[in-house]
Amino acid sequence: MAGAPEAPALAFHCRRSARELGGKVGWGRRWTCPFRSPDGGGGAMTVSEKDVELVLTCGLFDADWYMARHPDLSSAKHAARHYLSRGGVEDPGPAFSASAYLSAHPDVAEAGIDPLLHFVRYGRDEGRETRLADPAAALRSAPGLARGGYHESLVRVDGVFDEAFYLSTNADVAETGQDPIRHYLQHGATEGRNPNPFFDTIYYRDRHMGDGDALNPLVHYICSPSRANVDTSLRFDGAYYLARYPDVREYSGSPLGHFVSHGVMQGRVACFAAGDAWHAGMASDPARVPCTVVVAVHDAHDQVVQCLDALFRHTRLDGGDQVLLVDDASTDPRIAPLLEQYASRPGARVLANPVNLGYTTTVNQAIARCGPGDVVLLNSDTRVGPQWLVGLKQAASSDPSIGTVTAVSNDAGVFSIAAPENALERFGTDALARVALGAGALPFEVPTGNGFCLYIRRSMLDRVGGFDASAFPVGYGEENDFCMRAGNDGWRHLVAPSVYVWHSRSSSFGERRGALARQGFDRVRAMHPGYEAAIAAIPAAHGLKDASYRLGRQFRALESAAVAARPRILFVISTRSGGTPQTNLDLMRAISDEFEPFALSSDGQVLEVLGAGSGGYESVDRIALAEPLRFQMHSSAEYDRVVRALMVRMGIEVLHVRHLAWHGLGLPGVARGLGIPVLMSFHDYYSVCPTVNLLDGEGALHVQGVERDGSNPLWDRDPTALPMTPVRLASWKERMQRALQPVSAFVTTSPAARALIVGALPAIGDRANDFHVIPHGRDFERFLPPAVDRNAGVRRPLRILLPGNFSRHKGADLVRGLKALDVGNQLELHLLGRCPPELEALVVAHGCYARDEFVDLVEGIAPDLAAVLSVWPETHCHTLTESWACGLPVVGVDVGAVAERVRTHGGGWLIDFPASPDDLYQLLRRLAMDPGERASRARQVADWQEGAGRREGVTWMADRYRALYRSCLRGHAPARHEGNP
């Protein structure tokens, strides 16, 4: 989503500013014709001295550059006055393109406001995008303090400078209250300071600037014609960033400016070394790595309650993982009954030491009781968040040499990333964990882990042994000694910054804690001479710096309400056009106050992550597969690996599959392996048969699937899509049922569709209680009154609307047969949608339409009724909804959701299925002669408009999906929905 602002409300302010400018002080009269004087003529505008002064001091007006294009101008003030009198027709300097600004912001152009004045007064604060008018000239601009204001504007406009970072890393600047950008331009660059973590001033100067070039390195980068392919440090590669995220090319600033302003907050990857190399290792299925979480408990009842509540809410224990709770002889009588409450839960065990053995011995004994899988040691004063165990597992399985993985925390020594003030009360631990999940910070290597939340590979335990209980009986250093010993044996240790675990610090040892920690440190240092130097290097690690920066940005945005930590849902779609993808976009927008939705589309070769923008789907990430998916296999290890890495990196908590075409059939299983609940929607019958609509070559319906003479419309260019046979159809249905086994809940949009799918796929039929009906909701800005009222007194042939893209399964054969019978042209057919060549001479073709244009177009056509002639069992039918919204009673075929909805609401007529042209012709001729009958059904349409049509909109639909998503997140079986047709 190139240039997406961090603050959701920003778009409103951007639109509002241009509307309000006419009433703001300093703008004088408001004119309505862009770039013309208030009287509407083409003469010069009235220019105020206040505007001239603002242009001269804004830093974006280059008088020398402007006067070189107008030699008759004698002074800077004269030049500014000339520019303003031209009303935005010309560029004010090389750093600001007036035409690009007006093109990007049509509200400013529509209001007739000078683009530079708008940007300086309002657009800059609103985060509006700008472009350089003349990059080469901007690069040649003379360096030095005389150009300071100009260069300052360049930097501010680009978005590349992180003021908070600069002040936090340069305390002297913060203490003196200096403007950070101004300081960097005047002093900081010369002193080797950096404007953000991804621009290394010295690195850039040495690599990309000549010896005699005195230009500020950041200004040089912003203005450089080759900036798209420039690496600004070892941590940002512009060429990689643009190749990975093509939408960034639409951003007006530099690639690094986009990354700093937007990409960081979107969790994007900045260079190959930090991205693809890590994702390439994320190939394992966490479900295949059994693990036991060990929690040793000694008193601290309240903290244990909080720890276990979070642990069991966020840990899936139905896939082989277990929890082992060990009571080390607590003296608090509330501990034993508390632990016993969890003993009966599947996957949970409780052990109790008869006497206090101390932390290290207790943990060693617990590890011995864990079985052959990996182990996680989790302190009883911690609180885990969503996907915590999956994140640790993925990091651990990224390389065979990884021995341990540690989470990050608010209080974990060198692995701490400070949480916002009063974070528990203001946001809760789940919100902090979700922010970390989506921050895009990648695991990094350290010399030792931290025992507050430590994942340990069983293979390392088998080689290295357990903890040294004699040297560290109560803890405090035992994990450091353990990791150093393992390191000497060739094992490596990682930190997973996507896993943020709250640490409260138990009061078990009271005032002794400090002394015990010092003793432990001294003992480890004595046992491992290189320990002190090794841990001293951790704060300087690039991985920790990157994680601290990314999480810090996210936490600050959380504090300012610029972002909200919501569970992330990934919708899986095949196409972006058509009724279902558009309804999915409606749903994404409607639930965005509670969930953070994304969509994953695929054409079999390229996977694209999409967000819900104001104008439609917007690209967030794009990954090309080395080998395309083919129909015959319909899966690949590469696809599974990519989507697994994608879901882990994005912190997805619910997967909602809208369609599996051009995706791997392993996707539901991959998600379940990550502990992600899966919903599967059926909007056609692809899961039953590749024909999608269950029609054979002759147009006959086969509710169990087409065994012969069936098309494969979604894979028609794939050489592996062989003709269907009974054996291949049976194999297809078996594969689909296996692929859908991991699904938590099924959804379709009509009872008829559910009955057909349940009848064709027995494995889904066996789970009828998990199969929900939620019809599509649709909002309309307005409904049209009944057609009989609009067309009263009009004498003409019966005018019939044919809505949608026509083909054989939408009734094209019926239309041909109908017109063959209509020899007197008593029926006037108007097709609104894609018209096949064979119908062009038979209908009035109005062409395709955008969804929000439908009502207006139908109002212009003024039909008497609509005909929705689908000859297959549609699962919902958007054109039926649209026709009713236009006040049109509908003629339909007695099959599928169309028949179901007409029977429920009235508002139309049904012809028998299989449909014949003669039946259709006889009905339409009767209706042409009976306006009273049409009026009766039109009144039923009006009742629908005032009832279900108004009530069952997008919010109504979204509320039902919200309930499903909440149930899935809680791990409960969702209550079955029986939506109205």
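Rules used in this analysis
- Residues numbered from 1 in each chain as written.
- Predicted model: local features only at pLDDT ≥ 70, side-chain atom pairs only at ≥ 80, totals over all residues.
- Heavy atoms only, no water.
- Helix = DSSP H or I, 4+ residues; strand = E, 2+ residues; numbered from the N terminus.
- Buried < 20%, exposed > 50% of the residue type's maximum accessible area, 1.4 Å probe, protein only.
- Core = buried A, V, L, I, M, F, W, Y, C linked by side-chain atoms within 4.5 Å.
- Domains from an automatic or database assignment.
- Contact = heavy atoms within 4.5 Å.
- Polar contact = N/O pair within 3.5 Å; in protein donor to acceptor, adjacent residues only side chain to side chain.
- UniProt positions renumbered as here; feature names shortened; annotations may be inferred.
- Pairing = 2+ DSSP bridges.
- Axes fitted to C-alpha atoms, helices over the stretch in contact; angles between N-to-C directions.

Following F913, the chain continues into P914 via a peptide bond in cis, with omega recorded as 0 degrees. Inspection of the secondary structure puts P914 in the loop between strand 26 (908–911) and helix 40 (917–928). Unlike most non-glycine residues, C877 shows phi in positive territory, near 85 degrees. Within the element layout of this structure, C877 appears in the loop between strand 24 (865–868) and helix 38 (878–885). For C877, a relative accessible area of 3% puts it in the buried group.

What follows is about the nonpolar core. In terms of nonpolar packing, the biggest core is built from 87 residues, with M647, L655, I800, L802, V891 and L924 touching the most fellow members. At seven residues, the largest contribution of residues to this core is made by helix 30 (residues 637–650). If you count residues domain by domain, this core takes at least three from each of domain 4 (568–773) and domain 5 (787–952). Once residues within four sequence positions are removed from consideration, L924 is found in contact with L798, I800, L818, L827, L865 and V891.

Turning next to the domain arrangement of the chain. It is common to report an interface's size as the accessible area lost on association of the parts. As far as domains go, the chain holds domain 1 (56–133), domain 2 (138–266), domain 3 (286–560), domain 4 (568–773) and domain 5 (787–952). One C-alpha centre belongs to domain 2, the other to domain 5, and the line joining them spans 60 Å.

This brings us to helix 12 (residues 180–188). Every buried residue belonging to helix 12 is among P180, I181, H183, Y184, L185 and G188, and all of these are buried. The N-capping residue of helix 12, defined by a side-chain oxygen 3.2 Å from the backbone nitrogen of I181, is D179.

Take the UniProt feature "domain: Glycosyl transferase family" (unreviewed entry) in the chain next. Here, the residues flagged by UniProt with the feature "domain: Glycosyl transferase family" (unreviewed entry) are residues 864–936. Secondary structure content for residues 864–936 is 49% helix and 16% strand, and the end C-alpha separation is 13 Å.

On to the sheet that holds strand 8 (residues 402–408), then. Taken in spatial order, the eight strands of this open sheet run 5-4-3-6-10-8-11-9, and their pairing is mixed. Only two strands of the sheet have a single neighbouring strand rather than two, namely strand 5 (348–352) and strand 9 (444–446). The average angle at which neighbouring strand axes cross in this sheet is 25 degrees, direction not considered. Bridging between strand 9 and strand 11 (residues 492–500) involves three bridges; their strand directions are antiparallel. Residue F444 lies in a different strand from strand 11, and its bridge partner there is V495. Seen against the sheet, helix 25 (residues 478–488) touches strand 8, strand 10 (453–456) and strand 11 and runs at an angle of roughly 130 degrees to strand 11.

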